[in-house]
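Secondary and tertiary structure notes
These are the residues of each chain, in order.
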There are 2 protein chains.
Amino acid sequence: MTVLRKHLFDLPEGVLYLDGNSLGPLPRNAVARAREVMTREWGQDLIRAWNSADWISLPTRVGDRIGRIIGAPAGSVATGDTLSIKVYQALAAALKMNPERRVILSDQGNFPTDLYMAQGLIGTIDKDYELRTPEPELVADAITDEVAVVMLTHVDYRTGRMHDMEAITRAAHEAGAVMIWDLAHSAGAVPVDMSATGAEFAVGCTYKYLNGGPGAPAFIYARPDIVESIEPALAGWMGHEEPFAMDPAYRPAMSTERLRVGTPPILQLSVLDAALDAWDDIDMVELRAASIRLSDLFIAEVEARCPALTLASPRDGAQRGSQVSFRFDQGYAAIQALIDRGVIGDFRAPDIMRFGFTPLYLDEDDIRAAAEHVGTVINDGLWGDPKYQTRSRVT
Amino acid sequence: MTVLRKHLFDLPEGVLYLDGNSLGPLPRNAVARAREVMTREWGQDLIRAWNSADWISLPTRVGDRIGRIIGAPAGSVATGDTLSIKVYQALAAALKMNPERRVILSDQGNFPTDLYMAQGLIGTIDKDYELRTPEPELVADAITDEVAVVMLTHVDYRTGRMHDMEAITRAAHEAGAVMIWDLAHSAGAVPVDMSATGAEFAVGCTYKYLNGGPGAPAFIYARPDIVESIEPALAGWMGHEEPFAMDPAYRPAMSTERLRVGTPPILQLSVLDAALDAWDDIDMVELRAASIRLSDLFIAEVEARCPALTLASPRDGAQRGSQVSFRFDQGYAAIQALIDRGVIGDFRAPDIMRFGFTPLYLDEDDIRAAAEHVGTVINDGLWGDPKYQTRSRVT
């Protein structure tokens, strides 16, 4: 059985989209859903829609659907806010669980905002916390009994290198540290089983492989047995046991809902909910097999054509997420030239050309065609055109 | 000149909507805008839309439009996240500006989430901070030289009572405290001039009088002269000086953009942007005059009919925001009965019946008709029907 379902997405004619790891494409059903939410729910029901359209439980319903994709039980995933905020929540809670320790361990491959949020939290707490960021390969050895929390992004956003989630979680727990996984490049990309892993927290975004749209809400998972001991740093009213009691004292909900904060973004949550329809019957093992097949094919086809490119991703598919990166000193310009030819990948400083593989809407013919364009751009020196040198604000 | 422009809104037939202070109605142009953002920008441009549709500067463009409504200069308002998050950002920054002091002064009339966020921040910092919440009338006298920050909601969400923004800000500054105003029930409701007030921070939401839709993004204003000294607690990548440099060290933007956090909610920001079109030629002084006229009329019409109701709002329009509240021990049921008759207000525990006045889409005939229904519901005891007693999850 194939996981390919191109008909669910509205991809433009002539585009080979290898950037679903950055922003997934528009699911066709999301347009009608947004219209329905706006015209019928908001427009006609107005404030009543919190009850009549059950907006109030939408964050939980969407969380449960994400839970099924990351191996988390119903009720254990809260949605809303941005990934940065969810990182902060998880990290602040984790430090409270380990009050005698002062080291936050992450790595150089973590996405910058995760590191920034840690820096901001350290500045806020204003005690002698230390953020350690060894190279990804050295993380396992850096898990000592000084470490309060290990906070890692499962799949490296630049190289696609994947941490061994089970081994690192085990090492963290053996050292008495709390484990937080950022699944930004994992959810909907590779099989994840939060329950089996035993990590305390996971966070992630939904605009990449889950196709929730630009600025779609983030999610946070907390292991069910620890939920009631979490002291929320971001103690918003939607995480209160009874939000509409308007109690002046905060009493956290006795569920993962305590990790909700403010009023949920109903429109974006609804679009995400529509996007998640595509995932109802996806077997993540099949998706993973297809992803590795497509990625391996791309590596082979590009390497056969382009000796100037150096593979930055692990060659072994089992150690990669669902992306392939090449280093090229003119990588920025080369990506612009590719985009001009309808092959959309992206660039990450300083020299990474990045391509995402999303078997829901890419097949082997797409990959071969994309690799052909890469060959032309690199070998014919199309990247040398001065128009490709000017950097946009967003790269 | 009138500020009435009913044609801009898609209000359902037979509804008198007196709850725009909770969730504004659907602006007609927002539906087409959402469709355009989804099908053309996201659907066709995909990741390129960050540049081609200038998504990256949308939070700032929307912030500038809100700035014009609250008397804040261009570039001084950042948008995104929820109001709860923006409260946390402002409060954390304010405490850093006054490191020797330990008292956060708010009041009993503040919206609970503001108090909860303060409690969560205090728990996170874990020093001997104290949150003081006197009755609203006693706040001015409670501003002592122990107070690090005064954090108040300008218009009380229950009673509509309005603080004297200039006098309290002056008192806060004389006592060496930082001033934060929550404009949730002010922005688009009453004239506000942040520049003249001199307060360091203001925060607010946009789904009430600004009609941005359910879960629309929040905003934060910082006084331009202090921006560069703010140490962001929520140090997200979108607040970095160069987000796409992917620098592992956080360097805040040298503008209010340092109060951005994660990836902005483009779809909801776009809908809000469309909603703000209605505000382009609104004179806030005229709007305020209309709001007081409608509110005074409602009070007169209801009091003439319903001796059982007690006015909970200030009788003097100058001391009220753009809402009128009555106390009634069967207020919950009475509001349900009114909603059944198409008059939509809302209830706030324990006994407040709340009605919002929004001169963009309400006129005097609407107010008279609504008051007539209130009279019938109260005097004919329609609230006594058992079906109105069952509380919904959202009240």
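These remarks concern the structure in this document. None of the values given here were measured: they were computed from a predicted structure.

Observations regarding the overall build of chain A
Secondary structure summary: chain A contains 12 helices and 13 strands in total. For chain A, the residues scored as buried account for 66% of the 395 residues in total. Summed over all atoms, the accessible surface of chain A reaches about 12800 Å², with 49% contributed by carbon and sulfur.

Some details on the pattern of salt bridges
As enumerated under the stated definition, the model contains 70 salt bridges over all chains in all. Between R102 of chain B and D128 of chain B there is a salt bridge; the shortest N-O distance is 2.9 Å. Of this pair, R102 of chain B sits in the loop between α4 (83-97) and β3 (103-105) while D128 of chain B is found in the loop between α5 (112-125) and β4 (130-132), placing the two residues 26 residues apart along the sequence. A relative accessible area of 23% places R102 of chain B in the partly exposed class. Accessibility expressed as a relative area gives 58% for D128 of chain B, which makes it exposed. Three or more residues joined by partner-sharing salt bridges are found here, namely R33, R65, D273, D277 and D280 of chain A.

With respect to empty space enclosed by the protein
Unoccupied space between atoms shows up once a probe the size of one water molecule is rolled over them. Counting across every chain of the model gives 9 cavities of 30 Å³ or more. Lining of the largest cavity is provided by 14 residues; of these, D81 and P265 of chain A together with D81, T82 and P265 of chain B occupy positions nearest its centre. Split by residue class, the lining of the largest cavity holds 5 nonpolar, 7 polar and 2 charged.

A closer look at the sheet that holds strand β13 (residues 352-356) of chain A
All names here are of chain A. Strands sit in the order β9-β10-β13-β12 across an open sheet of 4 strands; the sheet is antiparallel. Only two strands of the sheet have a single neighbouring strand rather than two, namely β9 (310-311) and β12 (346-348). Pairing of β9 with strand β10 (residues 323-327), which is carried by 2 bridges, proceeds in the antiparallel orientation. Opposite L311, over in β10, you have F326 as the bridge partner. In this fold helix α11 (residues 331-340) packs onto β12 and β13, with an angle of close to 40 degrees to the strand it touches most, β13.

A short note on the packing of helix α10 (residues 284-305) of chain A against helix α12 (residues 364-379) of chain A
Residues and elements named next belong to chain A. Where α10 contacts α12, the two axes come as close as 9 Å, and the packing angle between them is 30 degrees. With respect to each other, α10 and α12 are oriented roughly parallel. α10 and α12 meet at a crossing whose hand is right-handed. Of the residues in α12, those in contact with R293, L294, L297, F298, E301, V302 and R305 of α10 are E364, I367, R368, A370, A371, E372, V374, G375 and N379. In terms of residue class, the contact of α10 with α12 is built from 8 nonpolar, 2 polar and 6 charged.

Overview of the nonpolar core
Counting residues in each nonpolar core, the largest one holds 305 residues, and the members touching the most others are I70, M194 and F298 of chain A together with I70, M194 and F298 of chain B. Ignoring anything within four residues of it in the chain, the contact list for I70 of chain A reads V77, L183, A187, V192, D193, M194, F219 and Y221 of chain A.

Brief notes about the relation of the copies chain A and chain B
Superposing chain A onto chain B takes a rotation of 180 degrees combined with a translation of 0.0 Å along the rotation axis, leaving an RMSD of 0.0 Å. What the rotation and shift describe, once combined, is the action of a two-fold rotation axis. The rotation axis passes nearest to the C-alpha of I125 of chain A in chain A, at a distance of 2.2 Å.

Here we look at the side chain of T82 of chain B
As for its position among the elements, T82 of chain B is in the loop between β2 (77-80) and α4. Accessibility expressed as a relative area gives 11% for T82 of chain B, which makes it buried. When near neighbours in sequence (up to four residues on either side) are disregarded, T82 of chain B contacts D81, G262 and T263 of chain A together with A218 of chain B.

A short note on the interface of chain A and chain B
Each partner contributes residues to the interface: chain A has 89 residues there, and chain B has 89 residues. Across the interface of chain A and chain B, roughly 7600 Å² is buried in total on both sides, 67% from carbon and sulfur atoms. If you sort the residues of chain A by the area they bury against chain B, W42, Y116 and R393 of chain A come out on top, with a joint share of 10%. Joining chain A to chain B, the criterion identifies 4 salt bridges. Across the chain A-chain B interface, the total number found is 32 residue pairs in polar contact (both at pLDDT 80 or more). Among the secondary structure elements, those contributing two or more residues to the side of chain A that touches chain B are α1 (28-45), α2 (49-52), α4 (83-97), α5 (112-125) and α9 (266-276) of chain A. Among the elements that line the side of chain A that touches chain B, the one with the most residues is α5 of chain A, at 11 residues. Taken together, the residues that form the side of chain A that touches chain B break down as 51 nonpolar, 26 polar and 12 charged.

Quick word on the packing of helix α3 (residues 58-70) of chain B against helix α8 (residues 266-276) of chain B
Residues and elements named next belong to chain B. Orientation of α3 relative to α8, taken along the N-to-C sense of each, is 35 degrees, at an axis distance of 10 Å. The chirality of how α3 crosses α8 is left-handed. Across the interface between the two elements, L58, P59, V62, R65, I66 and I69 from α3 touch I266, L269, S270, L272, D273 and L276 from α8.

Observations regarding the pairing of strand β10 (residues 323-327) of chain B
All names here are of chain B. In terms of burial, β10 is a largely internal element, 4 of the 5 residues being buried. Bridge analysis of β10 against strand β13 (residues 352-356) gives 5 bridges, and the strand direction is antiparallel. Paired with Q323 across the two strands is G356, which belongs to β13.

Regarding the packing of aromatic side chains
The tally for this structure, following the rule as stated, stands at 23 aromatic pairs over all chains. Taking the centre distance of 5.1 Å and the plane angle of 55 degrees together, the rings of F298 of chain A and F357 of chain A count as tilted. Residue F298 of chain A is located in helix α10, and its partner F357 of chain A is located in the loop between β13 and α12; the two are separated by 59 residues in the primary sequence. F298 of chain A gets classed as buried once you look at its relative accessible area, which sits at 0%. Every member of this aromatic cluster is reached through a ring pair, and the members are F111 and Y157 of chain A together with W237 and F244 of chain B.

Details of the environment of L297 of chain A
Considering the arrangement of structural elements, one finds L297 of chain A in helix α10. C-alpha of L297 of chain A to C-alpha of A371 of chain A: the two residues are 74 residues apart in sequence and 9.1 Å apart in space.

Focus: the sheet that holds strand β9 (residues 310-311) of chain B
All names here are of chain B. An order of β9-β10-β13-β12 is seen for the 4 strands of this open sheet, with the pairing classed as antiparallel. The open sheet has two free edges, formed respectively by β9 and β12 (346-348), since each of these has just one partner strand. The strands touched by helix α9 (residues 284-305) within the sheet are β9, β10 and β13, with β10 carrying the most contacts at an inclination of about 25 degrees. Against the sheet, helix α10 (residues 331-340) contacts β12 and β13, and its axis sits at roughly 40 degrees relative to β13.

Reading the values: the criteria
Residues numbered from 1 in each chain as written. Chains lettered and ligands numbered in written order. Predicted model: local features only at pLDDT ≥ 70, side-chain atom pairs only at ≥ 80, totals over all residues. Heavy atoms only, no water. Helix = DSSP H or I, 4+ residues; strand = E, 2+ residues; numbered from the N terminus. Buried < 20%, exposed > 50% of the residue type's maximum accessible area, 1.4 Å probe, protein only. Areas by Shrake-Rupley, 256 points an atom, 1.4 Å probe, with all protein chains shown as cover. Salt bridge = Lys/Arg side-chain N within 4 Å of Asp/Glu carboxyl O. 1 Å grid on protein atoms, 1.4 Å probe; cavity = no way out; pocket = protein on both sides within 12 Å on 5 of 7 lines; lining within 4 Å. Points joined across faces, edges and corners; volume = space filled by probe spheres on them. Nonpolar A, V, L, I, M, F, W, Y, C, P; charged D, E, K, R; others polar. Pairing = 2+ DSSP bridges. Contact = heavy atoms within 4.5 Å. Axes fitted to C-alpha atoms, helices over the stretch in contact; angles between N-to-C directions. Parallel < 35°, antiparallel > 145°, perpendicular 65-115°, else oblique. Left-handed = near helix turned anticlockwise from the far one by under 90°. Core = buried A, V, L, I, M, F, W, Y, C linked by side-chain atoms within 4.5 Å. Least-squares fit on C-alpha atoms with pLDDT ≥ 70 in both. Buried area = accessible area lost by both parts, 1.4 Å probe. Polar contact = N/O pair within 3.5 Å; in protein donor to acceptor, adjacent residues only side chain to side chain. Phe/Tyr/Trp six-rings, centres within 6.5 Å; stacked < 30°, edge-to-face > 60°.

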